[in-house]
2 protein chains.
Amino acid sequence: MTSRPLRFGVNYTPRTNWFHSWLDYRELRENLRADFRAIASLGLDHVRIFPLWAIMQPNRTLIRPQALADVADMATLAIDEGLDVCVDVFQGHLSSYDFLPSWVLSWHQSNIFSNPQVISGQRELIKRLAQALSSLPQADFPGVKNARPGEKGLIGLSLGNEIGQFAASRHPLRHEITVEESEAWLKQMFDTTREALPQGCHTHSYDDDLFFDPAHPFTPLQAVKYGDLTTIHSWIFGHLGRRLPADDPSYGFFARFLVELARSWGAKDMWMQEVGAPSPWISETGGRRFVTDTLSSLASAPSLRAITWWCSHNVSEDLADFPQLEYSLGLFDTKGQLRCLGADLRDFISDYVPGECIPLGAPVSLSANFGTDFTQIAEVRRASSPVKSGLFEAWLDQRVDNNFASICL
Amino acid sequence: MTSRPLRFGVNYTPRTNWFHSWLDYRELRENLRADFRAIASLGLDHVRIFPLWAIMQPNRTLIRPQALADVADMATLAIDEGLDVCVDVFQGHLSSYDFLPSWVLSWHQSNIFSNPQVISGQRELIKRLAQALSSLPQADFPGVKNARPGEKGLIGLSLGNEIGQFAASRHPLRHEITVEESEAWLKQMFDTTREALPQGCHTHSYDDDLFFDPAHPFTPLQAVKYGDLTTIHSWIFGHLGRRLPADDPSYGFFARFLVELARSWGAKDMWMQEVGAPSPWISETGGRRFVTDTLSSLASAPSLRAITWWCSHNVSEDLADFPQLEYSLGLFDTKGQLRCLGADLRDFISDYVPGECIPLGAPVSLSANFGTDFTQIAEVRRASSPVKSGLFEAWLDQRVDNNFASICL
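All of these numbers come straight from a predicted model, not from anything done at the bench. (Residues numbered from 1 in each chain as written. Chains lettered and ligands numbered in written order. Predicted model: local features only at pLDDT ≥ 70, side-chain atom pairs only at ≥ 80, totals over all residues. Heavy atoms only, no water.)

**Brief notes about unusual backbone geometry**
All names here are of chain A.
Thinking step 1. With an omega dihedral of 5°, the bond running from Ser 279 to Pro 280 counts as a cis peptide bond.
Thinking step 2. By the element assignment, Pro 280 lies in the loop between β8 (270-275) and α9 (287-299).
Thinking step 3. For Asn 17, which is not a glycine, the phi torsion comes out positive at approximately 65°.
Thinking step 4. Take Asn 17: it is sitting in the loop between β1 (7-11) and α1 (25-41). (Helix = DSSP H or I, 4+ residues; strand = E, 2+ residues; numbered from the N terminus.)

Written out as structure tokens, the structure is:
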């Protein structure tokens, strides 16, 4: 276990008009200081923020100066309120909605990972965004180079929220690519990002399809290879939720399982960049246990550097057509009032003492179940759902044998 | 021929950042008065303006008050400068780019013509937009009810620029519907529009696929049945341009041909809502003849009430990936300087005396070639391209026999 303190933060979701509020940034701005202050008051120390690609870059060669200024302004306000900031570049995808710009869609259909013109446009957006953020201080955050101790500032860029989804076979308008093409795309994006902001902690993210869909052109090895931290997004509804009942006690250990899975692929420093308590899988009364199990089991994970909850504020019921779960993921409601979930998170962070949990590195690692020859176990790891393959259950049984659940509670 | 004067106008295309400039309306606004004044100075008396649907209504139940205010403000400025204004609602489609909102795309893929929830959202946008425009005076324009003579104001709503394209078989992400569904959609949209703005001249528009694709779920009979005027969009590159050389003399008569085609389906009062001089089919030096032939042949068409050129301003070369022709369709360049095309249009309008052209109603109608039994000739009319079917050529031969080309020049 690292001696450096684990960092806790949240993915910032504007409480009025969700991310559509970028279209009315002056109105959005009225809530920002109060929202960031409320977030910091829970003991959280960082946020991840999400511009929308189509608003930033409505034409391939039009990157709106005002949009860049708005993102920089939001980041500045967050830093002012004591939060470090990670900026996701290509949204791309958020909470079931896709936001690709018109210049890659329909009559202009172009592969966002392999088309050279699209890539040149993406690189330009990274450069311009980096430039707009370049006057911000660098955060003292895992993965950031040469930060001043205790400095609040910019963490770095994340390529885009789970943007690899667009290449998955389950995507309705799939941008089909090979592993070689995903590799080339990641290399170009990271080269551009590192050149633009050399000190930053830059990452990319993906949903757990990357781990469980053997046909996925983005791979676990890339999750480990690219980025200053290996990010993980943990959502229980995808696999576990299909066959387990509400408030099943195993839900609280899925995030840690994914950490171990990433570690089995060679991940070193990691960032649990999204984890949330989706209803109805986690009920109103089951929230506290889920939060505690999730954070306790994560807190003991070697090399896990940061946990970023999804999300800060509920999606307003005034907005239509979101999957039902998205309306109640917030630590705060749409009026900015703290919800039980937020209080549970605050209480955990407040009680949390680094190092107090027993280090559970080797014994809980997947290698204990499946050996250390990653090539040999790759098939079972990536063959299918972790539920179907029995991988999660086997790992969990081992945890129960070791009385894991009680160790950190 | 009508004794009422023919109306000349232009489709307004912002000269900086094209329609993406809605994202920065305060900047766009700085050019508006000057642009509208320049348009009026050519003798043009109306504009058609184009909000983007995804910016107006980013979520099904979020219609942005600021976006409504921006559209109303643009309309007000145009009226202030002596122009009547038609507002297109669902863009939808413009110059090769599609702009559907995220709530009908990808994971939220919903048919924009038949999904009841989408339709309820569309009706709401029509109502809210109508409300935002309701304080404007009604234009004294063909199709408007009870207008004060000479009043400048709102013409009405057009459902969306060629929105039927999304249902055509050639569309890459087709919203497939039956003729019954297109009929039901049009009825609901027009019922809502008429209820919201009873006096307005409300229309819908389509490209000429509607006339030449027998599988198109939007039909010529609907073009005639729905709307206070039957609109026509005339683009020579679609059919003629595929086999005729640059500056072919027949190009200047295609718009009139479409008018006659619409008339053969029963169209009464008509609006040539889009016609333009696309390069390379019309060269720099061929522009004047094309403008003159097009406008002369149209000016003599019975029941044609208005002609609206496409478009006011060139698309800036700073914006990438438009089809080449879109960069040079403007009457003005991106600095607001008059182009030859604009001067040609101005000269025609300035010389134009209503009634001076010889009325060419009956002799040039398609009935002369193909009889008056529309059912009998429906097959040849809608079987295929007018070039392949010989319909345009036969009609044109008749025109040459009658020395039509020289009559109005």
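**As for the interface of chain A and chain B**
Thinking step 1. Counting residues at the interface gives 35 residues for chain A and 36 residues for chain B.
Thinking step 2. Summed over both sides, the interface between chain A and chain B buries roughly 3300 Å², with carbon and sulfur atoms accounting for 56% of that surface.
Thinking step 3. Sorting the residues of chain A by area buried against chain B places Leu 23, Trp 107 and His 108 of chain A first, and these three jointly supply 20% of that buried surface.
Thinking step 4. Two residues, Asp 321 of chain B and Arg 60 of chain A, come together in a salt bridge whose shortest N-O distance is 2.8 Å. (Contact = heavy atoms within 4.5 Å. Buried area = accessible area lost by both parts, 1.4 Å probe. Salt bridge = Lys/Arg side-chain N within 4 Å of Asp/Glu carboxyl O.)

**Some details on the sheet that holds strand β7 (residues 230-234) of chain B**
Residues and elements named next belong to chain B.
Thinking step 1. Across the sheet, which stays open at both edges, the seven strands sit in the order β6-β3-β2-β1-β9-β8-β7 with parallel pairing between neighbours. The two strands at the open ends of the sheet, each matched to only one other strand, are β6 (154-158) and β7. Along the sheet, successive strands turn relative to each other by an average axial angle of 20°, direction set aside.
Thinking step 2. Note that strand β8 (residues 270-275) and strand β9 (residues 304-310) share four bridges and pair parallel. Counted as the bridge partner of Met 270 is Leu 304 from β9.
Thinking step 3. Along the sheet, helix α4 (residues 116-133) makes contact with β3 (84-88) and β6, crossing β6 at roughly 170°. (Pairing = 2+ DSSP bridges. Axes fitted to C-alpha atoms, helices over the stretch in contact; angles between N-to-C directions.)

**Examining the relation of the copies chain A and chain B**
Thinking step 1. For the pair chain A and chain B, the relating rotation is 180°, the translation along its axis is 0.0 Å, and the fit reaches an RMSD of 0.0 Å. The superposition operator between the copies reduces to a two-fold rotation axis. Identified as the residue of chain A closest to the rotation axis by C-alpha distance is Leu 23 of chain A, at 3.6 Å.
Thinking step 2. By residue overlap, the copies meet face to face through one surface: 100% of the interface positions of chain A are interface positions in chain B. (Least-squares fit on C-alpha atoms with pLDDT ≥ 70 in both.)

**Considering the environment of Glu 260 of chain A**
Thinking step 1. One can find Glu 260 of chain A in helix α8 (residues 254-264).
Thinking step 2. Along the primary structure Glu 260 of chain A and Pro 302 of chain A are separated by 42 residues, whereas in three dimensions their C-alpha atoms are 9.3 Å apart.

**Quick look at the pairing of strand β7 (residues 230-234) of chain A**
Residue and element names in this part refer to chain A.
Thinking step 1. Burial analysis of β7 places five of its five residues in the buried class, which makes it a mostly covered element.
Thinking step 2. Neither face of β7 is open: one carries Thr 230, Ile 232 and Ser 234, the other Thr 231 and His 233, and all of them are buried.
Thinking step 3. Looking at chain direction, β7 and β8 are connected through five bridges and run parallel. Each bridged residue has a counterpart across the sheet, and for Thr 230 the counterpart in β8 is Met 270.
Thinking step 4. Taking the sense of rotation as the criterion, the β-α-β connection linking β7, α8 and β8 turns out right-handed. (Buried < 20%, exposed > 50% of the residue type's maximum accessible area, 1.4 Å probe, protein only. Right-handed = clockwise from strand over helix to strand, strands pointing away.)

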